[in-house]
Amino acid sequence: MKRFLARHQAQITGTLAGYDRMLFKGTLRSLSHVKGLEAFLGWKGVLLKDFGPFVERASAEIKAHAEAVARAHGRPCIYLPSAQLAKEELAERLARQDGITEGLIGILTCVEPCRSYTVRRDAPTRQLQLVKTERKCLFVYFYFQDREFGRLHVRLQTWFPFDCQLCLNGRAWLARQLDKRGIPYERYDNGFLSLGDPRRAQGVADRLLKVRWVKLLAAYARRCHPLVHRGHLLAEQAYYWTLAQAEYATDILCRDAPSLAAVYTALVRHAIRCFTAEDLLRFLGRKLHGNFRGEVRSTVRRRPEGLRIRHWVEENSLKMYDKGGRLLRIETTLNNPRRFKAYRRATRKGRRVMAWLP
């Protein structure tokens, strides 16, 4: 990267690196495994034969809360008959047509696959057992126009273990921060074609890592999930948050479209012809070895945002495209962070040690 920037510095006005899409997952850890949920049911005095009606009452409370929130804010609560319908487009249309600049845009609900629990009878013992299984349930999507982050949404599962997700865009946050500081820019979609002060803008982008994420995420969870309120079923529970999916973009801002076009075709040709599977694995923190059974592939496609080349290693990918004709974007998409390892503390045979762990 440094050599590329030095070679083409006359055609480059600046660079910007930072998070784009960020998807946080909230887990109620004591309810996320069978033994934990069994202990919870025992504490609440719920027998396994009554598990179905117990869960249905909890689910009904979440649905009723969503409808009440929509009514209180004068916003729609819309049931979608198919999970394939474009929720983001619908939310954008609602915000635009009703002029929503802050607060609740609307609530969407639909039935989607989930990982949950059911009760089955064990044939040998003839005893009821709680088991984890794939099933379908209603999900509630709360769309907000946030003062700091722009449009974001919370996705709440209405059945145990009540997983919660919050998805936002780091570049939307950055645009608002640049506005506050009076740093001029030219924006195209979720990218910046020009920046009045690239070095200062990068410093602002780095501040995203210092956001008090747990406080922000917990506040939205309480806003959307009634069962975690004081005096309700899950009042003693707290969500544990992880960055489950992320897009990290490195943007190279070119002076004009001809400057980027002069080199981009050669970059794409080199990337599709010369990179091997071993190279792609290395790009995404992996090594080629005999036990690897995953898929590695590369594709080149003409997309609305430009000519895109994308390298996949299992669920994670690295892509490059010429956004808006003037922006060379390299974007890492992590759909499964556990494919990476971090050097961190762990307990091995009763001792605290440092080890490489998912």
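Description of the structure in this document.

What counts as what
- Residues numbered from 1 in each chain as written.
- Predicted model: local features only at pLDDT ≥ 70, side-chain atom pairs only at ≥ 80, totals over all residues.
- Heavy atoms only, no water.
- Helix = DSSP H or I, 4+ residues; strand = E, 2+ residues; numbered from the N terminus.
- Buried < 20%, exposed > 50% of the residue type's maximum accessible area, 1.4 Å probe, protein only.
- Lys, Arg positive; Asp, Glu negative; His and termini not counted.
- Salt bridge = Lys/Arg side-chain N within 4 Å of Asp/Glu carboxyl O.
- Contact = heavy atoms within 4.5 Å.
- Core = buried A, V, L, I, M, F, W, Y, C linked by side-chain atoms within 4.5 Å.

**Brief notes about the side chain of Glu247**
Working step 1: Position of Glu247 relative to the elements: it lies in strand β9 (residues 240–254).
Working step 2: No salt bridge is formed by the buried Glu247. Its closest oppositely charged neighbour is Arg21, at 4.7 Å.
Working step 3: Among residues more than four places away in sequence, those in contact with Glu247 are Gly18, Tyr19, Asp20, Arg21, Glu331, Thr332 and Thr333.

**What to know about the nonpolar core**
Working step 1: By size, the foremost hydrophobic cluster in this structure holds 74 residues, and its most contacted members are Leu37, Phe40, Phe160, Phe162, Trp213, Leu234 and Tyr239.
Working step 2: When residues no more than four places from it in sequence are discounted, the contact partners of Leu234 are Leu28, Leu31, Phe40, Phe162, His225, Leu227 and Val228.
Working step 3: Residues Ile252, Cys254, Met320 and Leu328 belong to the second largest nonpolar core, which totals 12 residues.

**Considerations on unusual backbone geometry**
Working step 1: The omega angle of the peptide bond from Phe160 to Pro161 is 10°, so this bond is cis rather than trans.
Working step 2: For Pro161, the position within the fold is in the loop between β5 (150–157) and β6 (164–169).
Working step 3: Even without glycine at this site, Phe162 takes up a positive phi of about 60°.
Working step 4: Take Phe162: it is sitting in the loop between β5 and β6.

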